[in-house]
Amino acid sequence: MKVIEVKRETARVECEGIIRDVNIQFLKGVKEGDYVIIHAGIAIEKLDKKEAEKTLRIIKNEIYR
Amino acid sequence: MRYIDEFRDPSSIKRQLKEINKQAEKLPSPVYLMEVCGTHTMAIGRFGIRQALPKNIKLISGPGCPVCVTPDSYIDKAIYLSHLKDVIITTFGDMVKVPGSSSSLEKEKSEGRDIRIVYSPLEALAIAEESPHKNNIFLGVGFETTTPAVALTIKKADEEGIKNFYVLSGHKLIPPAMKTLMEDKEVRIDGFICPGHVSAITGSKPYIAISEKYNVPSVITGFEPYDILEGILILTEKIVRGEYKDVVIQYKRVVKPEGNQKARKVMKDVFEVVDAEWRGIGVIKKSGLKIRKRYEGFDAESHFPVKVKEKRKRCGCICGDILKGKRQPTDCKMFGTICTPESPLGPCMVSSEGTCAAFYKYGG
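Residues numbered from 1 in each chain as written. Chains lettered and ligands numbered in written order. Predicted model: local features only at pLDDT ≥ 70, side-chain atom pairs only at ≥ 80, totals over all residues.

A.B. asks: When you look at the environment of B:Ile57 in this model, what are you seeing that I'm missing?
C.D. replies: Residue and element names in this part refer to chain B. Tracing the sequence through the fold places Ile-57 in strand β2 (residues 57-64). Separated by 27 residues in the primary sequence, Ile-57 and Pro-30 have C-alpha atoms spaced 5.8 Å apart. With near-sequence residues (within four places) excluded, Ile-57 lies in contact with Ile-20, Ala-24, Val-31, Leu-33, Ile-232 and Thr-236. (Helix = DSSP H or I, 4+ residues; strand = E, 2+ residues; numbered from the N terminus. Contact = placed C-beta atoms within 7 Å.)

What follows is the structure, encoded as structure tokens:
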């Protein structure tokens, strides 16, 4: 889900219009615009955009796996 | 950009299947790849991956559905606790339909017990704060992905001095179950598709030990079709090349080799490792988590003397063998006839991540 607002221990996240407040205590340096993986109301990891883009380039056949 | 649909691109899927077929031709005999996690089982069913693979690559489902492996005795304890005076039971939704030896939480709720479904343990804690005159017992069930959330909730309860919140811990660890399956001579596993979000917490280290000891390659994949097929391709390539001791992280956009150390630290602070019973598998050494003495005040088992008689009323289904990957749901005479998602007999049909539920919904 995409982070739209960061508070102290929590962040407001959104996906397809669904908005939730989740705990972000297990992550460092969460900021607006980050994507996070949520499980049981807690963000367990940040999505690494660089790695995601790399995989997407493989999918688009721009680079070899 | 949602980082979801992009991983479902049909043209890349066709390319991957071509590559998988090419590798499969080099295999001397069929290979059995186990997807350990229930979320993978559902994704494999939903995207028709099992049917799209060459015939000599077989996918078998593993024990990674927390609700499915929760034994009768745990459900019986939860039901016992729900009968105590001034008690609120909070639980994840999947748990309520699971049959214990003679009832289920859903049935108890319909008979007036205060059993509430929550999305997060933090929500359960909030209910406890709102109801100071009730004892609130949260049913802590789940693997390494869920346990840190429960541990964090217990720490919060401790910091905030909340005295009416308890956890009945049924938490379990995935790697010891994988080891047990490798020791079972009746189970054949040539490669593991490791759980993506459990691995976000654990990292790849626990699987390296398994791959090295049992000569079985592992891949940590995501949950989109591209991810799963890439994982299958990587495993097939490893098997063809004889690289059995390798562990590969395919799901690099989420899983780091070291995992989430912060989450593991909180989990370790609150829980200690003990032996645990898995439904259908039996007791697995050092595979369960118990609340440490330091946080004993939040341990439902030590606070409430739980008396449950050992009852062994079996429904006759083959969930045990399905959880070990020995047999498939379609091998069970009750599957799809008297055991359906609307009226499930075994836990593999109850849980939304159960193998039987996946086969029923998407076909085998």
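A.B. asks: Would you explain unusual backbone geometry in this entry?
C.D. replies: The phi angle at A:Glu16 is positive, at roughly 50°, despite the residue not being glycine. Turning to its location among the elements, A:Glu16 is positioned in the loop between β2 (10-15) and β3 (18-23). Residue B:Asn215 is not a glycine yet carries a positive backbone phi of 55°. Checked against the element boundaries, B:Asn215 lands in the loop between α11 (205-214) and β8 (218-220).

A.B. asks: Sorry, what's going on with the interface of chain A and chain B here?
C.D. replies: Where the parts come together, the accessible area they lose is often given as the size of the interface. Taken together, the contact pairs 18 residues of chain A with 25 residues of chain B. Counting residues per element, the ones that place at least two in the side of chain A that touches chain B are β4 (36-39), β5 (42-46) and α1 (49-59) of chain A. In terms of residues, the side of chain A that touches chain B owes the most to one element, α1(A), which gives five residues. Along the lines of polarity and charge, the residues of the side of chain A that touches chain B split into ten nonpolar, five polar and three charged. (Nonpolar A, V, L, I, M, F, W, Y, C, P; charged D, E, K, R; others polar.)

A.B. asks: What should I look at first to understand the packing of helix α7 (residues 121-130) of chain B against helix α8 (residues 147-159) of chain B in this one?
C.D. replies: A pair of packed helices is characterised by two quantities: the angle between their axes and the separation of those axes. Residue and element names in this part refer to chain B. Relative to each other, α7 and α8 sit at 25°, their axes nearing to 8 Å. Classed by the angle they form, the pair α7 and α8 counts as roughly parallel. Like other packed secondary-structure pairs, α7 and α8 cross with a definite hand, here right-handed. Counting all contacts with α7, which are made through Pro-121, Leu-122 and Leu-125, the residues of α8 involved are Ala-149, Val-150, Thr-153, Lys-156 and Ala-157. A class-by-class count of the residues in the contact of α7 with α8 yields six nonpolar, one polar and one charged. (Axes fitted to C-alpha atoms, helices over the stretch in contact; angles between N-to-C directions. Parallel < 35°, antiparallel > 145°, perpendicular 65-115°, else oblique. Left-handed = near helix turned anticlockwise from the far one by under 90°.)

A.B. asks: Teacher, can you tell me more about helix α2 (residues 38-46) of chain B here?
C.D. replies: Think of an α-helix as turning once every 3.6 residues; residues three or four places apart then point the same way. All names here are of chain B. Extensive coverage of α2 is indicated by the burial of seven of its nine residues. Taken residue by residue, α2 has Gly-38, His-40, Thr-41, Met-42, Ala-43, Ile-44 and Gly-45 as its buried positions. If you follow the buried residues of α2, they end up packed against β1 (31-37), α3 (49-52), β2, β7 (191-194), α12 (225-241) and α17 (355-362). Just downstream of α2, Gly-48 is the residue with a positive phi angle, here 65°. (Buried ≥ 20, exposed ≤ 12 C-beta atoms within 10 Å, placed from the backbone.)

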